[in-house]
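Residues per chain are reported as follows:
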Amino acid sequence: MRISAAITQGADSSFEIQEVELDEPRPDEVLVRTVAVGLCHSDLSARGIFPDGAVLGHEGAGVVEAVGSAVTSLQVGDHVVMSFDNCGHCKPCLQGRPYRCLNFAPMNFGGVRPDGSHAIHVGGAPVGGNFFGQSSFATHCLTTERNAVKVDPALPLEVLAPLGCGVITGAGTVLNALRPEAGSSLVVTGVGAVGLSALLGAVVSRVGTLIAVDVVPARLELARKLGATHVIDGRDADVAEQIREITGGGADYVVETSGVPSVVRTAVTSVPEGGSVALVGIADTAGELTLGHYDLIMGRSVFGVTEGNSVPKLFIPRLIQLWQDGLFPVDELIRTYRFAEINQAVSDSLDGTACKAVLTF
Ligand SMILES: [Zn+2]
Ligand SMILES: [Zn+2]
């Protein structure tokens, strides 16, 4: 079918909306009419993977328009939020850890279906698709039954869309991975959409001392509004000292979203022996990180978290319930744009004007 999609042509290129050809759904696939899609940092960094063109977008939400013959749990008219794809067959998937799927990279960044076929063509030529099993910077997209989380049709899809990646990444790092005790102390370094989602997760957990670190004053202001008890300007020379002073010796937990090596080192020296640092952000996929050996030997834990260690069909409904109960105000992060304004949404996200840009159709 003919659809409109935002095509990108390699690193740093802008998005151009044009007509493309999308396959009909295969037996295991679902055709979704996109209603809203969040813009996530990986949509920008992934442009470099596809120099020959691709349709990105991986926080899509919409309405099911058609289902393949083998699909049993979804039907036409269902409202769904799409998340990340996973194979369901490998050891981590069988263990209930789809975020550690051994096929995560090819299934989410491979640009093709698992059998190598392309779902999207432009003028007969294939372009990258199946991004996070969706490619939802488009009026319609194909996903799998496994990747589509059914939601209440009464709820606004422009609020639910970012739950598919950025929000579960931040909130899940706290609620699924770190699981801080009530009254504990937690630092979030970098309070963009992922960091603020982590902060909201920490508020849900009744963390006692909640510190936000960033270099953008507007973000720190929003962090304070959403529940940070302290904010620190990341440009200060003594960030770790300030954290140790506020917490009386070091924070129990740090969620590090910036991916900047010097900030990671600050994070590690901000926790006491026995403290934990979760790494969520990545600034440079080829980058290297140096840490003090002694700091780790003395019992500090530093580990990576992907997609907030989430099982989307379990975790997204949980966050929706918290949002409906007024305990997880994720709508405060969102600024909406029309799909045609995608390049404006990108520049507003890069300069901090928008925390979580969501495109609507
Ligand atoms: Zn798997
Ligand atoms: Zn993402």
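Residues numbered from 1 in each chain as written. Chains lettered and ligands numbered in written order. Predicted model: local features only at pLDDT ≥ 70, side-chain atom pairs only at ≥ 80, totals over all residues. Heavy atoms only, no water.

(A) Representation of the pattern of salt bridges. All told, the structure shown has 14 salt bridges when counted by the stated rule. The network of salt bridges with common partners includes Arg 2, Glu 19 and Glu 21. (Salt bridge = Lys/Arg side-chain N within 4 Å of Asp/Glu carboxyl O.)

(B) Structural view of the coordination of the zinc ion (ligand 1). Coordination sphere of the zinc ion (ligand 1), protein contribution only: Cys 87 (SG), Cys 90 (SG), Cys 93 (SG) and Cys 101 (SG), at 2.3 to 2.4 Å. Around the zinc ion (ligand 1), the four donor atoms are arranged such that angles at the metal cover 105 to 118 degrees; this shape is classified as tetrahedral. All donor residues of the zinc ion (ligand 1) come from one chain, and their arrangement in sequence is C-x2-C-x2-C-x7-C. Cys 87 sits in the buried class, given a relative accessible area of 15%. (Donors = N, O, S within 2.8 Å, 3.2 Å for Na, K, Ca; no water. Tetrahedral: all angles 85-135°; square planar, octahedral: opposite > 155°, others 65-115°. Buried < 20%, exposed > 50% of the residue type's maximum accessible area, 1.4 Å probe, protein only.)

(C) Representation of the coordination of the zinc ion (ligand 2) in the model. With distances of 2.1 to 2.3 Å, the protein atoms coordinating the zinc ion (ligand 2) are Cys 40 (SG), His 58 (NE2) and Cys 165 (SG). Mapped onto the sequence, the residues coordinating the zinc ion (ligand 2) show the spacing C-x17-H-x106-C. Placement of the pair is Cys 40 in the loop between β3 (29-38) and α1 (41-45) and His 58 in the loop between β4 (54-55) and β5 (60-67), with a sequence separation of 18 residues. (Helix = DSSP H or I, 4+ residues; strand = E, 2+ residues; numbered from the N terminus.)

(D) Up close: a nonpolar patch on the surface. Side chains of Tyr 294, Ile 297 and Met 298 sit close together on the surface and give an oily, nonpolar patch of about 340 Å² of accessible area. Within the secondary structure layout, Tyr 294 lies in helix α10 (residues 293-297). (Patch = residues over 30% accessible without salt bridge, like charges linked within 9 Å, V, L, I, M, F, W, Y side chains within 5 Å. Areas by Shrake-Rupley, 256 points an atom, 1.4 Å probe, with all protein chains shown as cover.)

(E) The arrangement of the domain arrangement of the protein in detail. Taken domain by domain, the protein holds domain 1 (2-164 + 329-360) and domain 2 (167-306). Distance between the C-alpha centres of domain 1 and domain 2: 29 Å. The interface is formed by 16 residues belonging to domain 1 together with 14 residues belonging to domain 2. With both sides pooled, the region where domain 1 packs onto domain 2 buries about 1,200 Å², and carbon together with sulfur makes up 66% of that total. Ranking the residues of domain 1 by area buried against domain 2 places Glu 332, Leu 333 and Cys 355 at the top, with a combined share of 36%. (Domains from an automatic or database assignment. Contact = heavy atoms within 4.5 Å. Buried area = accessible area lost by both parts, 1.4 Å probe.)

(F) Spatial organisation of the side chain of Ser 197. Positionally, Ser 197 belongs in helix α6 (residues 193-204). Those residues within four positions of Ser 197 in sequence are excluded, and the remaining contacts are Gly 166, Val 167, Gly 170, Ala 171, Phe 328 and Leu 333.

(G) Focus on the pairing of β3. Burial of β3 is extensive: eight of the 10 residues sit out of reach of the surface. Sheet analysis places β3 next to strand β9 (residues 140-144), joined by five bridges and oriented antiparallel. The residue of β9 that forms the bridge with Glu 29 is Thr 144. Direction of pairing for β3 relative to β5: antiparallel, over a ladder of seven bridges. Its bridge partner lying in β5, Arg 33 is registered against Val 63. The pairing of β3 with strand β18 (residues 356-360) spans three bridges and is classified as antiparallel. (Pairing = 2+ DSSP bridges.)

(H) Looking closely at the side chain of Thr 144. Turning to its location among the elements, Thr 144 is positioned in strand β9. With relative accessibility at 18%, the residue Thr 144 sits in the buried group. In contact with Thr 144, not counting residues within four places along its chain, are Asp 28, Val 30, Asp 85 and Gly 133.

(I) Spotlight on the sheet that holds strand β1 (residues 2-8). Taken together, five strands build an open sheet; the order of strands is β4-β1-β2-β7-β8 and the sheet is antiparallel. Pairing within the sheet leaves two strands with one partner each, and these edge strands are β4 and β8 (125-126). Here strand β2 (residues 15-22) runs beside strand β7 (residues 120-122); their pairing, made up of two bridges, is antiparallel. Paired with Glu 21 across the bridge in β7 is His 121.

(J) Here's a closer look at helix α5 (residues 166-178). A rise of 1.5 Å per residue sets the reference length of α5, with its 13 residues, at 18 Å; its end C-alpha atoms lie 17 Å apart and thus fit the reference within 8%. Helix geometry: α5 is bent most strongly at Gly 172, by close to 50 degrees. Those residues of α5 lying buried are Gly 166, Val 167, Ile 168, Thr 169, Gly 170, Ala 171, Gly 172, Thr 173, Val 174, Leu 175, Asn 176 and Leu 178. Next to the buried residues of α5 lie β11 (185-189), α6, β14 (253-256), β15 (276-279), β16 (301-304) and α11 (312-324). Among the residues trailing α5, Arg 179 stands out with phi positive, at a value near 45 degrees. (Expected span 1.5 Å × (residues − 1). Bend = angle between axes of the 7 residues up to and from the residue.)

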